[in-house]
Amino acid sequence: MNGHHREKAMRSHSNIRTALLLAWALLLVPRTALGQEAAAYFKQNCSSCHTIGGGRLTGPDLKDVEKRKDRTWLTRFIVDPRAMLDAGDQYALDLQRDARGAVMPALPGMTRQRAESLLDLIGTESKLEKSQFIGVRISDRPFTQRDVDLGRDLFLGTVALKNGGPSCLSCHGAHGIAGLGGGTLAPDLTTVFERYGGRKTLAVWLSAPATPTMQSVFNKKPIEPEEILGLVAYFQNTLQRSPEDASTARLNFVLLGLGGTLLVLGLFDVIWNKRFRAVRRPLVESKKLENVHE
């Protein structure tokens, strides 16, 4: 009988243990999912301007950020940075000054809960020896002509990006591009190297572009580090530009458009002129014959 009670008690304890493990797992799953969502969100929307332990980019390094400012302030700033600046918050104004006037944009889908999740993520990553958001690492050696040539070929699309992304030329223009000077759907990239403050910041931005259009294209087709190195080298080289390059490309575009228009109008004139005469001549001849008979 004692053995039976002992076995029953053991089964009861086992069931309780199983129930507790299941309850813990159910509690843990939402937190894990939330953490994964925060990591994906940070990579897509924050990593082009911030690192966690990798040094300053456009914005400050976020490692141990809660040691510099309290969570309440940070949450408010993440949710609506512009409101903090407009209110004259001195710390927010200092951040803008350190970023050379750049203003942190309102992030898509940002809520207080998401801001809290991002701060939890930053806190967790700050404790690691090496965060996954330390930023892309490219060589700091001096650029060579080979780097510049590779970057130009990648920009033009004569060398394809390894992961299948489109060439820069399809949307952007730059100094030294023959013909029309490249695409006009997006900004000219001639001065992008100095606009982004040099090699490191531009390299990180290329590894995780923050614009919606670039995200939709390169999120699943990222640019490889050696390709980033070549593109950064090329964009540094484009700073040796002539101020007349962009206007020349625009003039070529206008002249080509005008020439094409005149060519099409001339073609229509030839076609319709013949058709008009083919109809008009018989009518005129017929009218002459009627006048003669009268």
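Residues numbered from 1 in each chain as written. Predicted model: local features only at pLDDT ≥ 70, side-chain atom pairs only at ≥ 80, totals over all residues. Heavy atoms only, no water.

Now for helix α10 (residues 225-237). When the terminal C-alpha atoms of α10 are compared, their 18 Å separation across 13 residues agrees well with the 18 Å that a helix rising 1.5 Å per residue should span. Regarding α10, the residues found buried are E227, I228, L229, G230, L231, V232, A233, Y234 and F235. Turning to α10, the residues buried within the fold contact α6 (145-156), α7 (192-195) and α8 (199-207). (Helix = DSSP H or I, 4+ residues; strand = E, 2+ residues; numbered from the N terminus. Expected span 1.5 Å × (residues − 1). Buried < 20%, exposed > 50% of the residue type's maximum accessible area, 1.4 Å probe, protein only. Contact = heavy atoms within 4.5 Å.)

Soluble globular proteins tend to pack their nonpolar side chains together in the buried interior. If you look at the biggest cluster of nonpolar residues, it comprises 29 residues, and the most contacted ones within it are F155, L231, V232 and F235. Put simply, the parts of the chain that give this core at least two residues each are α6, α7, α8, α9 (212-218) and α10. If you tally residues by element for this core, the top one is α10, at seven residues. In contact with F235, not counting residues within four places along its chain, are F155, L189, T190, V192, F193 and L202. (Core = buried A, V, L, I, M, F, W, Y, C linked by side-chain atoms within 4.5 Å.)

N-cap assignment for helix α4 (residues 90-98): the residue whose side-chain oxygen lies 3.1 Å from the backbone N of Y91 is D89. Two residues or fewer past α4, R100 is found with a positive phi of approximately 55°. (Polar contact = N/O pair within 3.5 Å; in protein donor to acceptor, adjacent residues only side chain to side chain.)

Here the focus is the pattern of salt bridges. Inspection of the entire model under this criterion finds 10 salt bridges. Its salt-bridge partner being E226, residue K162 comes within 2.6 Å of it at the nearest N-O pair. Here K162 is found in the loop between α6 and α7, whereas its partner E226 is found in helix α10, with 64 residues between them in sequence. Judged by relative accessible area, K162 falls into the exposed class, the value being 59%. (Salt bridge = Lys/Arg side-chain N within 4 Å of Asp/Glu carboxyl O.)

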